[in-house]
Amino acid sequence: MSSEWGGRTGRQGRLSQWLRGRRPKEAGADNAGREALLLAAAAAGLPLAPAAHPAPGYRCSCDRVGCPTPARHPVSFAWQTQSTTDRAQIERWARNQPQANFITATGMVHDVLDLPLEAGREALERLLASGIEVGPVAESDDGRLLFFTLTRGTPEDEDEWWPCELDCHPETADEHPGLRWHCRGSYVLVPPARLPGDDGQAVHWVRGLEHPLPDPLSLLEILTDACARYVGEESDHAGSAWPLRR
């Protein structure tokens with residue numbers, strides 16, 4: 001895929017910069033670059049569906065009063081069946097909804113291992129230093145790093161599955177600050193996506209889609225170790241601050 005998108009001039013050059021995690025200033029308003037990135041994600045096998053987008057005043061484009069996950073959720077309740085890799089459909093969505101974010105449904109082709117940013121950066125550095133194959137990685141400016149992997153597939157024993165609603169949906173983020181494994185029944189924002197606020201926060205690629213999806217189990221030990229240290233450090237800081245709060 002890198003040979004197809006690897007040009008360094010014009011539209012291809014802009015896409016190559018996006019895939020390496022660089023964000024040109026004009027790219028946020030560049031619908032052609034946005035559409036190209038979405039089509040690249042679909043070509044890599046990531047099923048997409050339209051999502052809400054930020055509205056003025058840290059609000060969401062949806063009609064829900066006090067939306068708990070502004071700009072981070074699908075537009076349709078049927079997002080699981082709506083999600084597709086069909087190029088023509090994604091082009092129609094992107095052109096008819098120029099402000100929309102997009103989600104990718106996990107558990108079909110790919111899963112996402114979702115870590116706190118600090119732990120994720122440490123884990124990524126260790127994985128690369130160890131020579132372990134790492135696939136696409138996205139960074140969310142609100143403090144998460146997303147490792148895209150192959151899905152676990154469908155086990156023979158359905159009891160092995162747990163509902164992602166318990167620990168992976170945006171609504172449960174505060175209760176589960178460590179590692180979250182997005183599999184069947186969950187979703188994440190796919191780059192390029194805009195987050196609420198006036199400071200230009202976004203979701204963008206750190207490692208691009210030219211990297212093949214790895215087996216999640218090959219990453220899991222280092223990711224969980226980094227998260228355990230992160231959670232432990234957070235607990236230590238909270239404990240040391242406790243007397244001051246009292």
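Residues numbered from 1 in each chain as written. Predicted model: local features only at pLDDT ≥ 70, side-chain atom pairs only at ≥ 80, totals over all residues. Heavy atoms only, no water.

Some thoughts on the overall build of the protein
- Across its full length, the protein carries seven helices and eleven strands.
- Going through the 246 residues of the protein one by one, you find that 48% of them count as buried.
- Look at the contacts in the protein between residues 6 or more apart in sequence, and 72% of them connect residues 24 or more apart.
- Looking at the protein as shown, the accessible area adds up to about 12,600 Å², and 50% of this sits on carbon and sulfur atoms. (Helix = DSSP H or I, 4+ residues; strand = E, 2+ residues; numbered from the N terminus. Buried < 20%, exposed > 50% of the residue type's maximum accessible area, 1.4 Å probe, protein only. Contact = heavy atoms within 4.5 Å. Areas by Shrake-Rupley, 256 points an atom, 1.4 Å probe, with all protein chains shown as cover.)

A closer look at the side chain of Ser 83
- Turning to its location among the elements, Ser 83 is positioned in the loop between helix H4 (79-82) and helix H5 (87-96).
- Look at Ser 83 and you get buried, because its relative accessible area is 11%.
- At 2.6 Å, the side chain of Ser 83 forms a polar contact with the backbone oxygen of Trp 79.
- When sequence neighbours within four positions are dropped, the list of residues in contact with Ser 83 reads Pro 47, Leu 48, Ala 49, Ile 103, Ala 105 and Met 108. (Polar contact = N/O pair within 3.5 Å; in protein donor to acceptor, adjacent residues only side chain to side chain.)

A look at the sheet that holds strand E1 (residues 48-51)
- Pairing is antiparallel across the open sheet formed by three strands, whose spatial order is E1-E4-E9. Of all the strands in the sheet, just E1 and strand E9 (187-189) have a single pairing partner and so form its edges. The sheet shows a mean angle of 35° between the axes of neighbouring strands, direction not considered.
- Here strand E4 (residues 101-105) pairs with E9 via three bridges, running antiparallel. Its bridge partner lying in E9, Ala 105 is registered against Tyr 187. (Pairing = 2+ DSSP bridges. Axes fitted to C-alpha atoms, helices over the stretch in contact; angles between N-to-C directions.)

So, the nonpolar core
- Core analysis: the biggest nonpolar cluster contains 31 residues, and Leu 46, Leu 48, Phe 148, Val 190 and Trp 205 have the highest contact counts within it.
- Elements with a contribution of two residues or more to this core: helix H3 (31-43), E1, H5, E4, strand E7 (144-150), E9 and strand E11 (202-207).
- Element by element, the count of residues in this core is highest for H3, at six residues.
- Formed by 19 residues, the second largest nonpolar core is a distinct cluster that contains Leu 113, Leu 117, Trp 181 and Leu 223. (Core = buried A, V, L, I, M, F, W, Y, C linked by side-chain atoms within 4.5 Å.)

What about the environment of Leu 115?
- In this fold, Leu 115 is placed in strand E5 (residues 110-116).
- For the pair Leu 115 and Gly 143, spaced 28 residues apart in the sequence, the C-alpha separation amounts to 8.6 Å.
- Non-local contacts of Leu 115, meaning those with residues more than four positions away in its chain, are made with Gly 120, Ala 123, Gly 143, Arg 144, Leu 145, Phe 147, Leu 179, Leu 223 and Cys 227.

A short note on the environment of Leu 37
- Within the secondary structure layout, Leu 37 lies in helix H3.
- Of the residues examined, Leu 37 reaches a relative accessible area of 0% and is grouped as buried.
- Each C-alpha atom, one on Leu 37 and one on Val 190, is 9.4 Å from the other, the two residues being 153 residues apart in sequence.

Looking at the confidence of the model for the protein
- For the protein, the average pLDDT comes to 81, and 72% of its residues sit at 70 or higher.
- Low pLDDT (under 50) marks residues 165-170, which in the prediction has 19 contacts with non-local residues, meaning those over four places away or in another chain.
- Below a pLDDT of 50 lies the segment residues 238-246, which in the model reaches one contact outside its immediate sequence neighbourhood of four places, other chains included. (pLDDT = per-residue confidence, 0-100.)

Let's talk about helix H6 (residues 117-129)
- Along its 13 residues, H6 runs 18 Å from first to last C-alpha, staying within 8% of the 18 Å computed at 1.5 Å per residue.
- Along H6, the positions that sit buried rather than exposed are Leu 117, Ala 119, Gly 120, Ala 123, Leu 124 and Leu 127. Relative to the axis of H6, the buried residues are bounded by an arc of 150° and lie together on one face. Exposed and facing more than 90 degrees away from the buried side of H6 are Glu 118, Glu 125 and Ala 129. (Expected span 1.5 Å × (residues − 1). Arc of directions from axis to C-beta.)

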